[in-house]
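As a plain string of letters, each chain reads:
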Amino acid sequence: MQIEDCPIIGVNVRVWLFWAYLRERKWLSYLLGCIPVTVLNVFQFMNLFHIILSGGTMNKIIIDGYFTVLYFNLVLRTTFLLTNRSKFEQFFEEIAAEYAKLEKRNDIRLLLEQLTRRARILSKSNLWLGAFISACFVTYPLFSPDSGLPYGVYVPGVNMQSSPTYEIVFVLQVYLTFPACCMYIPFTSFYCTCTLFGLVRIAALKESLERLHQFSSEPKTLLAKVKECLQYHKEIIKYIRDLNELVTFIFLLELLSFGMMLCALLFLLSTSNQLAQMVMIGSYIFMILSQMYALYWHSNEVLEQSLKIADSLYYNGNWLKFSTPVKKLMILMIARAQRPLVIKVGNVYPMTLEMFQKLINASYSYFTLLRRVYN
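A few points on the structure. Along every chain, residues carry numbers that run from 1 in the direction the sequence is written. Residues qualify for local features only when their pLDDT is at least 70, as the model is predicted, and side-chain atom pairs are given and counted only at 80 or more; totals for whole chains, interfaces and linings, by contrast, use all residues. As a convention, hydrogens and water are excluded, and side-chain values are obtained from all of the structure's heavy atoms.

## Focus: the overall build of the protein
Here comes step 1: Put simply, DSSP H or I for four residues or longer makes a helix, DSSP E for two residues or longer makes a strand, and each gets a number counted from the N terminus. Regarding its fold elements, the protein presents eleven helices and two strands.
Here comes step 2: Reading the secondary structure of the protein in the N-to-C direction produces α-α-α-α-α-α-α-α-α-α-β-β-α.
Here comes step 3: Expressed along its principal axes, the backbone C-alpha trace of the protein runs to roughly 85 × 50 × 30 Å.
Here comes step 4: Going through the 375 residues of the protein one by one, you find that 52% of them count as buried.
Here comes step 5: In this analysis, two residues are considered to be in contact whenever any of their non-hydrogen atoms come within 4.5 Å of each other. Put simply, of all contacts in the protein between residues at least 6 apart along the chain, 79% involve residues at least 24 apart. For every residue, the accessible area (1.4 Å probe, protein chains only) is compared with the maximum for its type, and the residue is labelled buried under 20%, exposed over 50%, or partly exposed between those bounds.

Below is the structure:
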């Protein structure tokens, strides 16, 4: 099975293949996509420094800072994807191969189809949500009194407000919003769909463990089945470890940057008196929270379901009645199953809903402090 034909990851893989982020390099795709977006981000940083040095308003610094951080994040995601292309391709090939095997298992097929539908809906809805919010980004200046560009940029010696420079840059930024959306959204969807597939693999292992008692009268077959379960458990552990390696440092950057931007946007929302601006700030906050919640919720599900592997052994395996060699293997699996499978931020903090709550609490605490100082 080709990776783009694997239903659970196919949506995101096809987007990356379209922009040549996987398989063969296509410089024309890069010239139309990630390269101009990267150049745009450089001009965004120049604009942000220019605003700070020239004593710009807090409003302007926060809004332009949000877009600068957002674009820097998507450029970093794409750079990491391109530099680790072979790792991603190998990871996807392993998923496609395992998916083909699980499709043949009647005991897990229903859950596989269910989570595949959820993964595809999630990937498509994320793309549509990203397209909608991106459309809001580029149309907001049309309703704003200052009539600025969608994304603040600064080029030394060029007046961005003069005609026809303003119109040309505006059209270019509208166009670049599309490849930028494709650089940011599929990475989040890729992670969520991979965690869903991890849940399928954990469920398949639990089903196998719960059927071990059927072979209690055949010692050799039982021993072989237990070894298969032990090997499959090791493969799941490796799967989660590989996934963690692909996302951990990117998510560390998001934890730091979006926690800071959430605090700044809450402050700006509390001081704004323009309805259009308040609606846009609300959409920015919603985008941050929805993307972060999707990441941490799926990570939390993997952690909780991995802990239930030990329950399947304790309560459904009847393993105490098995022979000594089998019991030794079962004890090894129980000992390992008591250590949950976790995705970590920067290989330090587990990505759980508790961690997400702490992020919200910290952002709100700094917001109230900033608000108090401002007042």
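Resuming the write-up.
## Focus on the pattern of salt bridges
Here comes step 1: When a carboxyl oxygen of Asp or Glu is within 4 Å of a side-chain nitrogen of Lys or Arg, the pair counts as a salt bridge. Counted by the stated rule, this structure contains twelve salt bridges.
Here comes step 2: One salt bridge connects Arg 105 with Asp 107, and the closest N-O pair in it is separated by 2.8 Å.
Here comes step 3: A residue is classified by how much of its surface remains accessible, and Asp 107, at 31% relative accessible area, is partly exposed.
Here comes step 4: A salt bridge links Arg 211 to Asp 107, with the shortest nitrogen-to-oxygen separation between them at 2.5 Å. With a gap of 104 residues between them, Arg 211 in the loop between helix H7 (165-210) and helix H8 (219-271) and Asp 107 in helix H6 (residues 106-143) connect regions that are remote in the sequence.

## Some points on the nonpolar core
Here comes step 1: Joining through side-chain atoms within 4.5 Å is the link that ties buried Ala, Val, Leu, Ile, Met, Phe, Trp, Tyr and Cys residues into a set, and such a set is a nonpolar core. With 123 residues, the main nonpolar core has Tyr 66, Phe 92, Ile 95, Phe 137, Phe 190 and Tyr 191 as its most contacted residues.
Here comes step 2: The dominant element in this core, judged by the number of residues it contributes, is H7, at 24 residues.
Here comes step 3: Sequence-distant contacts of Tyr 66, defined by excluding residues within four places in its chain, comprise Phe 137, Met 261, Leu 265, Tyr 284, Met 287 and Ile 288.

## Points about the packing of aromatic side chains
Here comes step 1: Ring geometry is summarised as follows: Phe, Tyr and Trp rings, the Trp one being its six-membered ring, pair when their centres sit within 6.5 Å, and such pairs are stacked at plane angles under 30 degrees, edge-to-face over 60 and tilted between the two. Taken as a whole, this structure holds 29 aromatic pairs when the rule is applied.
Here comes step 2: Centre to centre, the rings of Trp 16 and Phe 88 are 6.1 Å apart; their planes meet at 85°, and the pair counts as edge-to-face. Within this pair, whereas Trp 16 is found in helix H1 (residues 10-18), its partner Phe 88 is found in helix H5 (residues 85-103), the two being separated by 72 residues in sequence. Across the pair, exposure class does not vary: Trp 16 and Phe 88 are buried alike.
Here comes step 3: Aromatic ring contacts, followed pair by pair, group Trp 16, Phe 80, Phe 88, Phe 91, Phe 92, Tyr 99, Phe 187, Phe 190, Tyr 191, Phe 197, Tyr 239 and Phe 251 into a single cluster.
Here comes step 4: In this scheme, Lys NZ or Arg CZ marks a charge over a ring once it lies within 6 Å of the ring centre and within 35 degrees of the ring normal. The ring of Tyr 184 has Arg 77 sitting right over it, with the charged end atom 4.1 Å from the ring centre.
Here comes step 5: It is Arg 201 that lies over the ring of Tyr 239; its NZ or CZ is 5.3 Å from the centre.

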